[in-house]
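Breakdown of the fold
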Amino acid sequence: MSEVPLSKGPIRRDPRLHGLSHEHHVGLIVAWRLKQGVKRRATDIQMVQYISYHWEAWLHAHLQLEENLLLIHLPAQHALRIRTLNEHNQLKEIYFRLQEDAALELVGSFADLLYNHIRFEERVLYPFAEKTLNSAQLEVIKNELDGIPEFCAQWTNLFWQE
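What follows concerns the overall build of the chain. Counting its secondary structure elements, the chain contains five helices and zero strands. The C-alpha radius of gyration of the chain comes to 16 Å, within 12% of the 15 Å expected for a compact globule of 162 residues. With the C-alpha coordinates of the chain rotated into their principal frame, the extents come out at 45 × 30 × 30 Å. Evaluated residue by residue, the chain yields a buried proportion of 45% over its 162 residues. Taking all contacts inside the chain whose residues are at least 6 apart in sequence as the whole, residues at least 24 apart take part in 83%.

Given below as structure tokens:
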């Protein structure tokens with residue numbers, strides 16, 4: 001996986017992509033909490049339940065939105081599209097493996113991939129989309145995102161603090 005260039009200061013996102021970026025913020029928190037849980041050797045089952053909760057509540061739908069609203073505008077063989085789809089597939093694969101084997105190593109792999117994938121999208125994919133998609137395409141994305149309620153986690157098992 002190639003290095004993602006670091007940006008200086010906060011990332012200014014086109015307001016029409018704010019819905020996707022907001023969910024990325026939630027994803028970064030999920031990844032951080034999972035990494036803390038792995039460090040603290042929290043129960044694997046607790047962390048897999050946490051992953052499943054987020055997967056079902058928003059993450060799986062988020063991946064589909066990116067694929068259906070954003071990636072469709074990139075040619076099939078475009079490197080950014082290929083990388084994004086590969087990473088989405090890796091997240092799906094690890095998620096389904098975790099349903100069969102709640103191993104601490106897999107939880108760590110999921111957390112690392114989620115974190116790195118979000119950083120890649122925020123620093124590379126989304127800026128590229130902002131530069132290459134026209135205003136009408138960005139408006140379609142915004143309109144689709146406007147109909148989706150904002151996710152608010154209701155998780156009481158604070159395994160990352162134990």
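On to the packing of aromatic side chains, then. Throughout the structure, instances matching the rule amount to four aromatic pairs. Linked through ring pairs, Trp55, Tyr95 and Phe96 together constitute an aromatic cluster. Over the ring of tyrosine 115 we find lysine 35; its NZ or CZ atom is 4.3 Å from the centre of that ring. Lying over the aromatic face of phenylalanine 120, arginine 83 brings its terminal NZ or CZ to 3.9 Å of the ring centre.

The next thing to look at is the nonpolar core. Among the nonpolar cores identified, the biggest contains 30 residues, and Leu34, Leu98, Phe110 and Leu114 are the most heavily contacted of them. If you list the elements that add at least two residues to this core, you get α1 (18-39), α2 (44-70), α3 (79-100) and α4 (104-132). In contact with leucine 114, other than residues within four places in its own chain, are Gly27, Val30, Ala31, Leu59 and Leu91. Counting residues in each nonpolar core, the second largest holds 16 residues, with Leu17, Leu71, Leu74 and Leu133 among its members.

By the element assignment, glutamate 67 lies in helix α2. The exposure class assigned to glutamate 67 is buried, which follows from its relative accessible area of 18%. Among residues more than four places away in sequence, those in contact with glutamate 67 are Ile72, Leu85, His88 and Lys92.

Bringing the environment of isoleucine 94 into the picture now. Considering the arrangement of structural elements, one finds isoleucine 94 in helix α3. Sequence-wise, isoleucine 94 and phenylalanine 110 are 16 residues apart; in three dimensions their C-alpha atoms are separated by 6.3 Å. With residues up to four places along the chain from it excluded, the contact list for isoleucine 94 reads Leu106, Ser109, Phe110 and Leu113.

Glancing now at the packing of α1 against α4. Working note: a packed helix pair is described by the angle between its axes plus the distance between those axes. One can describe the packing of α1 onto α4 by two numbers: an axis separation of 9 Å at closest approach and a directional angle of 150°. One finds that α1 runs roughly antiparallel with respect to α4. Note that α1 runs across α4; the crossing there is left-handed. Grouping the amino acids of the contact of α1 with α4 by side-chain chemistry returns 14 nonpolar, four polar and five charged.

Here α2 spans only 34 Å end to end across 27 residues, well under the 39 Å set by a 1.5 Å rise per residue. Helix geometry: α2 is bent most strongly at tryptophan 55, by close to 60°.

Rules behind the numbers
Residues numbered from 1 in each chain as written. Predicted model: local features only at pLDDT ≥ 70, side-chain atom pairs only at ≥ 80, totals over all residues. Heavy atoms only, no water. Helix = DSSP H or I, 4+ residues; strand = E, 2+ residues; numbered from the N terminus. Rg over C-alpha atoms; globule rule 2.2 N^0.38 Å. Buried < 20%, exposed > 50% of the residue type's maximum accessible area, 1.4 Å probe, protein only. Contact = heavy atoms within 4.5 Å. Phe/Tyr/Trp six-rings, centres within 6.5 Å; stacked < 30°, edge-to-face > 60°. Lys NZ or Arg CZ within 6 Å of the ring centre and 35° of its normal. Core = buried A, V, L, I, M, F, W, Y, C linked by side-chain atoms within 4.5 Å. Axes fitted to C-alpha atoms, helices over the stretch in contact; angles between N-to-C directions. Parallel < 35°, antiparallel > 145°, perpendicular 65-115°, else oblique. Left-handed = near helix turned anticlockwise from the far one by under 90°. Nonpolar A, V, L, I, M, F, W, Y, C, P; charged D, E, K, R; others polar. Expected span 1.5 Å × (residues − 1). Bend = angle between axes of the 7 residues up to and from the residue.

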